[in-house]
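Each chain, written out:
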Amino acid sequence: MSIYDVFNGGGKPFNKEEWAAQKQAQRQEVYELIDATCSQMMSDGGAFQQYLDVQGRFDRYSVNNAILVSAQMPEATQLRDYSSWKQSRVYVNKNAQKVAILEPGKEYERDDGSKAVGYNAKVVYDISQTSAKDRQQPQEEKTMRELVSAMIDASPVSFVPVDDLEMPAFYDSGQQTIFIRTGMTEEQLFVSMAKEVSAAVFDFKHGESRDASDFKSFCVAYMVSSRYGVDTRGFNFGRLPKEYDGMDTQAFKGELGSMRDVLGEIQSDMYKSLEKNKPAKSKEQER
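For clarity, every value in this text was computed on a predicted model and none was experimentally measured.

About the cut-offs
- Residues numbered from 1 in each chain as written.
- Predicted model: local features only at pLDDT ≥ 70, side-chain atom pairs only at ≥ 80, totals over all residues.
- Heavy atoms only, no water.
- Phe/Tyr/Trp six-rings, centres within 6.5 Å; stacked < 30°, edge-to-face > 60°.
- Helix = DSSP H or I, 4+ residues; strand = E, 2+ residues; numbered from the N terminus.
- Buried < 20%, exposed > 50% of the residue type's maximum accessible area, 1.4 Å probe, protein only.
- Lys NZ or Arg CZ within 6 Å of the ring centre and 35° of its normal.
- Axes fitted to C-alpha atoms, helices over the stretch in contact; angles between N-to-C directions.
- Parallel < 35°, antiparallel > 145°, perpendicular 65-115°, else oblique.
- Contact = heavy atoms within 4.5 Å.
- Nonpolar A, V, L, I, M, F, W, Y, C, P; charged D, E, K, R; others polar.
- Salt bridge = Lys/Arg side-chain N within 4 Å of Asp/Glu carboxyl O.
- pLDDT = per-residue confidence, 0-100.
- Core = buried A, V, L, I, M, F, W, Y, C linked by side-chain atoms within 4.5 Å.

(A) Just the packing of aromatic side chains, in detail. The full count for this structure, using the stated rule, is 13 aromatic pairs. For the ring pair phenylalanine 215 and tyrosine 244, a centre distance of 5.8 Å and an interplane angle of 75° mean the geometry is edge-to-face. A residue pair is termed long-range when its members are at least 10 positions apart, and phenylalanine 215 in helix α7 (residues 214–227) and tyrosine 244 in the loop between α7 and α8 (249–276) qualify at 29 residues. Owing to a relative accessible area of 18%, phenylalanine 215 belongs among the buried residues under this scheme. Linked through ring pairs, Phe48, Phe215, Phe218, Tyr222, Phe235, Phe237, Tyr244 and Phe252 together constitute an aromatic cluster. Over the aromatic face of tryptophan 85 sits the side chain of arginine 80, whose NZ or CZ is 4.6 Å from the ring centroid.

Written as structure tokens, this is what we have:
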């Protein structure tokens, strides 16, 4: 049975047991897709990078849902369910491509007495599959100077410029300082800062050393840079950490989850900074 069958109706009288079995089959297929995609991501740099692209764009999505979008429609930019699109007077195309994700269900009690939340499969559609595909709002572009300033505001530690630093930037956990080599372009500066700010957040807020978080900081810097349209050609995911290959799925998702958490913290602080420093609109612009 397809994970989408339960959404297609069929005109039959409602059967509670059959409905429950369909829902269970949906959840099972969704979780199997997550596991299969994780297995591919652990050894395939292209699949891993594709996930990062999705998670960077959908930074509020859970790791599981970002994996699902990556597996089914990695080019998606705006996802909603059928009723949400309809409420916005947007209509989903006939034969539109469906994307299955997970949404929280009811809380339940485990055998050991602890509380947990169950998840149900849900179908959503990208804006490209709707009548609004030609009405997508272009993302407001930020200058590199604005992005660099916002990254400075997002850092939990201070910056110190150095003339003869061997590397573009380096976070020193002992001094809780990020040293920056002078003379870089604003784009080089942003990418270098993004990685070291990520390392500082991992260390300063999550207790994870710079060495331990080095690859994850690299991934967060890629997601932040990609989100804001910064050139990411300098990032290469051809060689993933050897410990990822064959890693337990839950442990692997834990690694992805910590990246998502740090990404979320940096994105949130950058957004606040960009909004705070946004130039006031003139009366002509408001008209």
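(B) Representation of the packing of helix α1 (residues 16–43) against α8 within the structure. As a packed pair, α1 and α8 sit with axes 10 Å apart at the nearest point and diverge in direction by 70°. The orientation of α1 with respect to α8, classified from their angle, is roughly perpendicular. In contact with Ile34, Asp35, Cys38, Met41 and Met42 of α1, α8 contributes Thr249, Phe252, Lys253 and Leu256. Residues of the contact of α1 with α8, tallied by class, amount to six nonpolar, one polar and two charged.

(C) Quick peek at the pattern of salt bridges. Inspection of every chain in the model, using the stated rule, returns 13 salt bridges. Among the charged side chains, a salt-bridge network with shared partners connects Lys195, Glu196, Arg210 and Asp214.

(D) Representation of the confidence of the model for the protein chain. For the protein chain, the mean per-residue pLDDT works out to 90, and 91% of the residues sit at or above 70. Put simply, helix α9 (residues 283–286) is where the protein chain has its lowest mean pLDDT, 47, and helix α3 (residues 63–72) is where it has its highest, 98.

(E) Structural context of the nonpolar core. One finds Phe48, Ile266 and Met270 to be the most contacted residues of the largest nonpolar core, which totals 69 residues. No other element matches the nine residues that helix α6 (residues 186–206) contributes to this core. Apart from the residues within four sequence positions on either side, methionine 270 is in contact with Leu147, Ala150, Met151, Ala154, Phe190, Val224 and Tyr228. Core analysis: the second largest hydrophobic core is formed by eight residues, Trp85, Val90, Val123 and Tyr125 among them.

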